[in-house]
Amino acid sequence: PHLKHIEPIVILHSEPPSDQLWESLGKYGEIYFIQGTGINYKDLKRAGISRASRAVILSDLNQRHSFTSERFLSDANPIVTLLSMIGGQRRDQLFEIIEIDNTDNLELLHGFKARPGCSKHLNTALFAAGHVYLRSSLDSLLCQSFFNPLIIGIVAIMIGVGSREARVIQIE
């Protein structure tokens, strides 16, 4: 009732979702699954990447744990997927968000320019524009919400599930 048009969501993954997950996703409508991988451009084309307006690239937890000795390799697949996606189309047609585990790998992304003397990831254009998501950011927010419960309300408003009338100012 709130949206005039629901954008379809295509999930591209090497393994099909469990029946339980698929049942919960089915409640939202316009969600499709294609078995494949983002590092294969043919799979990206089957998933409709040329018509996509947004893409979220998540890192693989299994791959992350298999490269514990060489941590920089944990982001290999998401970075290759991103490069495959943007290689075939104009940058202004696709808003991509990539999950990165190791901040050192930000230097491999096009558009990475850190300001001298600042935290490596927080002051980059890619992070500020919402194109890069760090797994550790969610962990930090979760921990901080224990000490300041208002953080949950702020995040809810930011992602569109919070009430517009919600008050986020704490009065003591």
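The structure displayed is predicted, hence computed values, not measured ones. Along each chain, residue indices are assigned from 1 in the same order as the chain's sequence is written. Since the coordinates come from a predicted model, pLDDT governs what is reported: local features require at least 70, and pairs of side-chain atoms require 80 or more to be given and counted, while whole-chain, interface and lining totals use all residues. To obtain the side-chain values, all non-hydrogen atoms of the structure were included, while hydrogens and water were left out.

**Looking at the pattern of salt bridges**
Which entries qualify depends on this criterion: By definition here, a salt bridge exists when the distance from a side-chain nitrogen of Lys or Arg to a carboxyl oxygen of Asp or Glu is within 4 Å. Think of it this way: any DSSP run of H or I at least four residues long counts as a helix, any run of E at least two long counts as a strand, and we number them from the N terminus. Remark: exposure states derive from per-residue accessible area (1.4 Å probe, protein chains only) relative to the maximum for the residue type, with buried under 20%, exposed over 50%, and partly exposed in between.
Taken as a whole, this structure holds one salt bridge when the rule is applied. Residue Arg 46 pairs with Asp 43 through a salt bridge whose shortest N-O separation is 3.0 Å. Within this pair, Arg 46 and its partner Asp 43 are both found in helix α2 (residues 41-46), separated by three residues, close to a single helical turn. On the basis of relative accessible area, Arg 46 is assigned to the partly exposed category, the value being 49%.

**What about the environment of Asp 75?**
Our working rule: Should any heavy atoms of two residues lie within 4.5 Å, those residues are considered in contact. Whenever a nitrogen or oxygen atom comes within 3.5 Å of another N or O atom, the pair is scored as a polar contact, on the condition that within protein one atom can donate a hydrogen and the other can accept it, and that pairs from neighbouring residues in sequence are kept only if both atoms are in side chains.
Within the secondary structure, Asp 75 is located in the loop between α3 (61-66) and α4 (76-87). Residue class for Asp 75 comes out buried when judged on its relative accessible area of 0%. A C-alpha to C-alpha distance of 7.1 Å links Asp 75 and Asn 102, two positions 27 residues apart in sequence. Ignoring anything within four residues of it in the chain, the contact list for Asp 75 reads Glu 99, Ile 100, Asp 101, Asn 102 and Asn 105. In terms of polar contacts, Asp 75 uses its side chain to reach the backbone amide nitrogen of Asp 101, at 2.8 Å. At 2.7 Å, the side chain of Asp 75 forms a polar contact with the side chain of Asn 105.

**A closer look at the side chain of His 131**
Inspection of the secondary structure assignment puts His 131 in the loop between α5 (125-128) and β5 (132-134). For His 131, a relative accessible area of 16% corresponds to the buried category. A polar atom in the side chain of His 131 sits 2.7 Å from the backbone oxygen of Glu 96. In contact with His 131, other than residues within four places in its own chain, are Phe 95, Glu 96, Ile 97, Ile 98 and Leu 126.

**Thoughts on the pairing of strand β3 (residues 54-57)**
The following threshold applies: Paired strands, in this sense, are two strands between which DSSP finds at least two bridges.
Of the two faces of β3, the one holding Ala 55 and Ile 57 is buried and the one holding Arg 54 and Val 56 is not buried anywhere. By the bridge criterion, four bridges tie β3 to strand β4 (residues 95-100) in an arrangement that is parallel. When the sheet's bridge partners are listed, Arg 54 is paired in β4 with Phe 95.

**Observations regarding unusual backbone geometry**
Positive phi is not limited to glycine here, since Glu 30 has a value of about 55°. Structurally, Glu 30 is set in the loop between α1 (19-25) and β2 (31-35).

**Quick notes on the sheet that holds β4**
Basically, it comes down to this: Under this scheme, a helix contributes an axis fitted over its contacting stretch, all axes are lines through C-alpha atoms, and angles between N-to-C directions fall in the 0 to 180 degree range.
Taken together, the three strands give an open sheet; going across it, the order is β3-β4-β5, and neighbouring strands pair in parallel fashion. Unpaired on one side and paired on the other, β3 and β5 mark the two borders of the sheet. Adjacent strand axes in the sheet meet at a mean angle of 15° when their direction is disregarded. Running at roughly 165° to β4, α4 makes contact with β3 and β4 of the sheet.

**Comments concerning the packing of aromatic side chains**
Applicable threshold: Centres within 6.5 Å are what make two rings of Phe, Tyr or Trp a pair, Trp counting through its six-membered ring; a difference in plane orientation under 30 degrees is then read as stacked, over 60 as edge-to-face, and the rest as tilted.
Summed over all chains, the structure comprises one aromatic pair. Seen in terms of ring centroids, Phe 146 and Phe 147 are 5.2 Å apart; in terms of plane orientation they differ by 90°. Their pairing is edge-to-face. Under the relative-accessibility criterion, Phe 146 is labelled exposed at 66%.

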